[in-house]
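# Structure assessment
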Amino acid sequence: MTLHIPIMLYSEANQREHYMAKARRVKWQRHTVMTFLVFNIPRRRPPRKAVLLTRLMGKRQREFDDDNIRSAFKAVRDAVAKYFRVDDGKRCPWTWAYGQERAEDGVPGVRISW
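One structure accompanies this document, and this report is about it. Here the structure is a predicted model, which is why all the values come from computation and not from measurement.

All right, on to the pattern of salt bridges then. Under the defined criterion, the tally for this structure stands at 5 salt bridges. Between Asp-78 and Lys-74 there is a salt bridge, with its nearest N and O atoms 2.9 Å apart. With Asp-78 and Lys-74 both in helix H3 (residues 74-83) and 4 residues apart, the pair spans about one turn of that helix. Looking at Asp-78, the relative accessible area reads 16%, which means it is buried. Across the salt bridge formed by Arg-111 and Glu-101, the nearest N and O atoms sit 3.0 Å from each other. With Arg-111 in strand S4 (residues 109-113) and Glu-101 in strand S3 (residues 95-102), this residue pair connects regions lying 10 residues apart in the sequence. Using a relative accessible area of 35% as the deciding quantity, one classes Glu-101 as partly exposed.

Right, here's the structure in full:
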């Protein structure tokens, strides 16, 4: 199962902004991911317990290092876990993997694969 969501991720560790601006962005990201999940993926838990979150980079974007990619996907991971009613804390039954690649069409986005 694969889902493509056209949202742009930001390195949360490197953002220098007002806390309310960050809160609005995170709320928007969670809402967008939840909306795409509701309309495209059935509510039952996926059979596989491994989730691959891939950042699709636009033409002028640079790669994130390991800790920045994890912080950028925080809102996306939270939304996926909430949708499937899975605790994504220390006792999470799922394995989360992160990746990044150039988008074929040059439009930034996120690909979620189970």
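This paragraph deals with the packing of aromatic side chains. Enumeration according to the criterion identifies 5 aromatic pairs in this entry. Ring geometry for Trp-94 and Trp-96: centres 5.7 Å apart, planes at 45°, overall tilted. With a relative accessible area of 6%, Trp-94 lands in the buried category. Among the aromatic side chains, those forming a connected cluster through ring pairs are Tyr-83, Phe-84, Trp-94, Trp-96 and Trp-114.

A few words on the packing of helix H1 (residues 19-40) against H3. Where H1 meets H3, the axes come as close as 8 Å, and the angle between the chain directions of the two elements is 40°. By the criterion of interaxial angle, the relationship of H1 to H3 is oblique. Our pair here, H1 against H3, has a crossing hand that is right-handed. Residues Val-26, Gln-29, Arg-30, Val-33, Met-34, Leu-37 and Val-38 of H1 form the contact with H3, whose own contacting residues are Ala-75, Val-76, Asp-78, Ala-79, Val-80, Lys-82 and Tyr-83.

By size, the foremost hydrophobic cluster in this structure holds 27 residues, and its most contacted members are Ile-112 and Trp-114. Of all the elements in the fold, those that place two or more residues in this core are strand S1 (2-5), H1, strand S2 (50-57), helix H2 (66-72), H3, S3 and S4. Considering every element that reaches this core, the biggest residue donor is H3, with 5 residues. Those residues in contact with Ile-112, other than ones at most four positions away along the chain, are Met-1, Thr-2, Leu-3, Ile-5, Val-33, Val-51, Leu-52, Leu-53, Val-76 and Val-80.

The next point concerns the environment of Ala-72. Note that Ala-72 resides in helix H2. Residue Ala-72 is classed as buried on the basis of its relative accessible area, which comes to 1%. The sequence separation of Ala-72 and Arg-55 amounts to 17 residues, and the corresponding C-alpha distance is 9.1 Å. When sequence neighbours within four positions are dropped, the list of residues in contact with Ala-72 reads Leu-9, Tyr-10, Glu-12 and Phe-64.

Parameters and conventions
Residues numbered from 1 in each chain as written. Predicted model: local features only at pLDDT ≥ 70, side-chain atom pairs only at ≥ 80, totals over all residues. Heavy atoms only, no water. Salt bridge = Lys/Arg side-chain N within 4 Å of Asp/Glu carboxyl O. Helix = DSSP H or I, 4+ residues; strand = E, 2+ residues; numbered from the N terminus. Buried < 20%, exposed > 50% of the residue type's maximum accessible area, 1.4 Å probe, protein only. Phe/Tyr/Trp six-rings, centres within 6.5 Å; stacked < 30°, edge-to-face > 60°. Axes fitted to C-alpha atoms, helices over the stretch in contact; angles between N-to-C directions. Parallel < 35°, antiparallel > 145°, perpendicular 65-115°, else oblique. Left-handed = near helix turned anticlockwise from the far one by under 90°. Contact = heavy atoms within 4.5 Å. Core = buried A, V, L, I, M, F, W, Y, C linked by side-chain atoms within 4.5 Å.

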